[in-house]
Amino acid sequence: MGSLKTKIFIFFVALLMVVQASSLWTVYDANTKQGEEQIQSRLNAAESVFNTQYQQRSYYLQAFAETAAKDYGLKEVFGADQRSFLIALNNHRKRIDADIAIAVDEEDKIVGQLIRRAPHEKISIGPDQGNTFTSPLWFTNENAFTHLYQQGEELYQLSFAPLKSGQQTVGWIGYGYQINTVLAQTFADITGLSIEFMLKQNTGYWRSIAAAIPSNYPLAPSHQGLNILQNTLPQHIIATQIKVGMVNELPLHVTIFGSRSNLLETLQGNWWHLLALEGGMVSIALFAAYLLAAGITRPVRQLVRQAQFIASGNYGSTVDIEEKNELGQLANEFNEMQKAVLVREQKISHQLKYNSLTNLPNRYSLLQVLETKLNGNNPSFCLLHLDIRRTRTVNDTLGYQIGDLMIQEVGTRLVQLDNKIQTFHLDGDEFALVTESSNLNELAQWQRKIEEAMDKPLCGEDTLLHLQLQIGFARAPEDARDAHELLQKADTALSHGKRERRGFQQYLVDMDADANRRLSLVNDLKIAIEQNQLRLFYQPKMDLRTGKVNQLEALVRWLHPIQGMIPPDAFISIAEQTGQIDNLSNWVLNEAARQYQAWLKQGLELTIAVNISAENLKNQQLTETLQQVWKQHQLPAHALSLEVTESAVVSDPDSAIRMLCEIRDQGIKLSIDDYGTGYSSLAQLKQMPVSELKIDRSFIDKVHLSSDDQIIARSTIRMAHDMGLIVVAEGIEDHDTLLWLKEHECDLAQGYFISKPLPADEFRQWLLSSDYNPT
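Let me begin by describing the structure that accompanies this report. (Residues numbered from 1 in each chain as written. Predicted model: local features only at pLDDT ≥ 70, side-chain atom pairs only at ≥ 80, totals over all residues. Heavy atoms only, no water.)

1. Some remarks on the packing of helix 9 (residues 363–374) against helix 13 (residues 483–500)
In contact at an axis separation of 8 Å, helix 9 and helix 13 are set at 115° when each is read in the N-to-C sense. Taken together, the axes of helix 9 and helix 13 lie roughly perpendicular to each other. Considering the relative orientation of helix 9 and helix 13, their crossing is right-handed. In this structure, helix 9 contributes Arg363, Leu366, Leu367, Leu370, Glu371 and Leu374 to the contact, and helix 13 contributes Ala483, His484, Leu486 and Leu487. The residue makeup of the contact of helix 9 with helix 13, split by class, is seven nonpolar, one polar and two charged. (Axes fitted to C-alpha atoms, helices over the stretch in contact; angles between N-to-C directions. Helix = DSSP H or I, 4+ residues; strand = E, 2+ residues; numbered from the N terminus. Parallel < 35°, antiparallel > 145°, perpendicular 65-115°, else oblique. Left-handed = near helix turned anticlockwise from the far one by under 90°. Contact = heavy atoms within 4.5 Å. Nonpolar A, V, L, I, M, F, W, Y, C, P; charged D, E, K, R; others polar.)

Below is the structure:
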């Protein structure tokens, strides 16, 4: 008698007897209450149906967006030809007849928007095409399958999926359906109740988005959404409401309602039949409950207990149910789910903290380590921020597979340095090292160890890749006491070192001002070109056979009205990034041509070399510009020569070589600058229409001391001579280097040992008063 099973059985028998003994009034009263319960049940069922259907549509949109984002054809035209991309975007839209399709690039710009405002309207380009996407935080919320997106007066249910190139997310693709009368009608027909979507306005009032009544109930009530939300609903209406989501921080509700009398009329007409049927069902249910209670209670309790264990993070125990029925199968599936959850959690945890390419701790892990060390008892340490040089050039010329191999190799060598340091792969070609000491002498030793670790070249596609790193570092607690700030300071040092061509750069407080100064230069450069604030300095190229100077290189400087003389490294990259490089190069060409004529009138005939950028080679008007300069200043073909860096050619060899051939055909001499730093192949060098090759200073400045540099320089000189090229060595800093180059038959030499770059007047005085005077 004390068992739960017996108590339940006795309770239902007693209840049945009471029901049977009740009077007609009691039955009527019970029927009335049952009617109210049925009404509430109807509303609950309608809510459940709406939530299920709406969620299924969310999953459908999300699954389709992810499928479309993986389409190779869509990726191929993303960011390229806009018309082709929109066609591809629309083709996917047609597959599910979506009302809206949106593509957003990695800079949160809407690069594609196709929209249909009414069910039978044609698709058209949306008004936000080309604008900034206002809700970028959607892309970081992995828990939300869909979002509510407002376009004018229309509202859309929208799902996004990332568009990836390799491991990198390059944009987002989204598809959605409009929340309109068609949707409202669908829900109304399914639930058998009236539907109205209501959106709150900034004014506090509610606006009806869409409404519908069931097709089979033409007299059903309509447009009661405002009354429901304001609690002014008439007594004859039953209703409920569901918050669908937020639209620009304003709630969207769906109201579900119907006529109380319609539902109760049906119940009143069938209550006797339902009462008899319910009595029979109760009897059967009591008997079935008595038989099944014992069998069901035990495994259910086990499953509940195991679910509580999993919720608390315990995955060690399993559910052991011997039944071979559905409960046994459920227990087995529950155990498998438990294993899958554990594996997924471990994988997610690993991906959160480690880089997928090198399997090294990532930026998230680095910030955790920095916070721990900064909050520790001895927060004195150093953060080194490392960047692999010329990664983009390797990717462009040898492919991303070789670029990834290079990044993996650098990570491996850094890990093998010493177990006293911690190595992190931040992203792309950036790494970080955390050392236990912030002593500058010890840091210098770490720099040498890193350089020695990178000495051995990496062989990729028959090309030896010289692994070179740029390093910036910041010390704690001197430079920062916060993890994010310390990483920012190290990054600032790295950026400053790149601009100053320093391989190992300490963070200094002045660098923050330098970053502001660089931003100021971006705004002032156009004015500098227009207002003639630029100056040309000239550095001689000495003929090593005669000891005379007949050639020189023009180097641009910026005489800023506030900041004074600014070297080219500080603004050339700005000119390339802001589209000012063509105007800057035109100014340098015209000024060099003018100076050539001025010196010619003074009895000096000197060939002036002018540097041109990789961006200049992309300008299809370059040859026409050169013709205008030569014609305007009446120059002979040999008056000016052009120097182009090796990396400028290897980034797009076919186009660059074609442009250089057009320049060569005009009789202009061409020279390859910084040879040895751009990974160009011998086949490409053979195709280049150049007459001169300039060996980069990194192989020259210690050539008399380094056997490796001697091998590179000697073989380059011999190879260039065999190809009929003149060889120029730049970066001559001492007499021993000059003698070594002369001994090995280098043709021309350039560097501070001969002369630093000088203004035109000072250069003329230097030349006339020196032994290098050709006259």
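2. Some points on the environment of Gly472
Relative to the elements of secondary structure, Gly472 occurs in strand 16 (residues 469–476). Judged by relative accessible area, which is 0%, Gly472 ranks as buried. Linking Gly472 and Gly497, residues 25 residues apart in sequence, is a C-alpha distance of 6.7 Å. The residues touching Gly472, leaving out its near neighbours within four places in the chain, are Leu383, Leu384, His385, Ala490, Ala493, Leu494 and Gln505. (Buried < 20%, exposed > 50% of the residue type's maximum accessible area, 1.4 Å probe, protein only.)

3. Re unusual backbone geometry
Residue Ala476 is joined to Pro477 through a cis peptide bond whose omega torsion reads 5°. Inspection of the secondary structure assignment puts Pro477 in the loop between strand 16 and helix 13. Even without being glycine, Asp97 reaches a positive phi, approximately 55°. Locating Asp97 in the fold gives a position in the loop between helix 4 (82–96) and strand 1 (100–105). Using a relative accessible area of 44% as the deciding quantity, one classes Asp97 as partly exposed.

4. Brief notes about the nonpolar core
Of all hydrophobic cores here, the largest spans 80 residues; its most connected members are Tyr538, Trp599, Ile608, Leu642, Ile663 and Phe763. The greatest single-element share of this core, amounting to nine residues, is contributed by helix 16 (residues 581–601). Beyond its immediate chain neighbours, meaning those up to four positions away, Ile608 contacts Tyr538, Leu552, Ala554, Ala592, Tyr596, Trp599, Ala639, Leu640 and Ser641. Core analysis: the next-biggest nonpolar cluster, separate from the first, contains 27 residues, Met406, Leu414, Phe431 and Leu469 among them. (Core = buried A, V, L, I, M, F, W, Y, C linked by side-chain atoms within 4.5 Å.)

5. Regarding helix 4
An ideal rise of 1.5 Å per residue puts 21 Å on 15 residues; helix 4 measures up with 22 Å between its terminal C-alpha atoms. Listed as buried for helix 4 are Phe85, Leu86, Ala88, Leu89, Asn90, His92, Arg93 and Ile96. At the exit of helix 4 stands Asp97, carrying a positive phi of roughly 55°. (Expected span 1.5 Å × (residues − 1).)

6. Concerning empty space enclosed by the protein
To find leftover empty space, one rolls a probe the size of a water molecule over the atoms. Taken as a whole, this structure holds one cavity of 30 Å³ or more when the rule is applied. A volume near 50 Å³ is recorded for the largest cavity. Of all the elements in the fold, those that place two or more residues in the lining of the largest cavity are helix 16 and helix 18 (622–632). Of the residues in the lining of the largest cavity, the class split is three nonpolar, five polar and one charged. (1 Å grid on protein atoms, 1.4 Å probe; cavity = no way out; pocket = protein on both sides within 12 Å on 5 of 7 lines; lining within 4 Å. Points joined across faces, edges and corners; volume = space filled by probe spheres on them.)

7. Description of the packing of aromatic side chains
Per the stated rule, a full pass over the model turns up 18 aromatic pairs. A centroid spacing of 5.6 Å and a plane angle of 85° characterise the contact between Trp558 and Phe571, whose relative ring orientation is edge-to-face. Of the two residues, Trp558 is situated in strand 19 (residues 549–560) and Phe571 in the loop between strand 20 (564–566) and helix 15 (572–578); the sequence distance between them amounts to 13 residues. Between Trp599 and Phe763, the ring centres sit 5.6 Å apart and the planes meet at 45°, which makes this aromatic pair tilted. Remark: Phe763 occurs in helix 24 (residues 760–768) and Trp599 occurs in helix 16; sequence separation between them is 164 residues. The class of Trp599 is buried, set by a relative accessible area of 2%. (Phe/Tyr/Trp six-rings, centres within 6.5 Å; stacked < 30°, edge-to-face > 60°.)

8. Description of the environment of Ile39
With respect to the helices, strands and loops of the structure, Ile39 is situated in helix 2 (residues 24–69). Residue Ile39 is classed as buried on the basis of its relative accessible area of 4%. Taking C-alpha positions, Ile39 is 7.8 Å from Arg260, a pair spaced 221 residues apart along the chain.

9. Quick look at the packing of helix 16 against helix 18
Across the interface, helix 16 lies against helix 18 with an axial gap of 10 Å and an inter-helix angle of 25°. Between helix 16 and helix 18, the angle falls in the class roughly parallel. As helix 16 packs across helix 18, the resulting crossing turns out to be right-handed. Residue-level inspection shows Asn586, Leu589, Asn590 and Ala593 of helix 16 in contact with helix 18, the latter providing Thr625, Leu626, Val629 and Gln632. Of the residues belonging to the contact of helix 16 with helix 18, the class tally is four nonpolar, four polar and no charged.

10. Topic: the pairing of strand 21 (residues 607–612)
Summarising burial for strand 21: five of the six residues are buried, a large majority. Two elements, strand 19 and strand 21, share four bridges in a ladder whose sense is parallel. Residue Ala554 lies in a different strand from strand 21, and its bridge partner there is Val610. Two elements, strand 21 and strand 22 (residues 640–645), share five bridges in a ladder whose sense is parallel. Across the sheet, the residue bridging to Ala609 is Ser641, located in strand 22. (Pairing = 2+ DSSP bridges.)

11. Describing helix 18
Of the positions making up helix 18, those classed as buried are Leu622, Thr623, Thr625, Leu626, Val629 and Trp630. The buried side chains of helix 18 occupy one side of the element, clustering within an arc of 160° when seen end-on. Those residues of helix 18 that are exposed and angled more than 90 degrees off the buried face are Lys631 and Gln632. On its buried face, helix 18 is in contact with helix 16, helix 17 (614–617), strand 22 and helix 20 (653–664). Immediately downstream of helix 18, the backbone of Gln634 shows phi near 50°, a positive value. (Arc of directions from axis to C-beta.)

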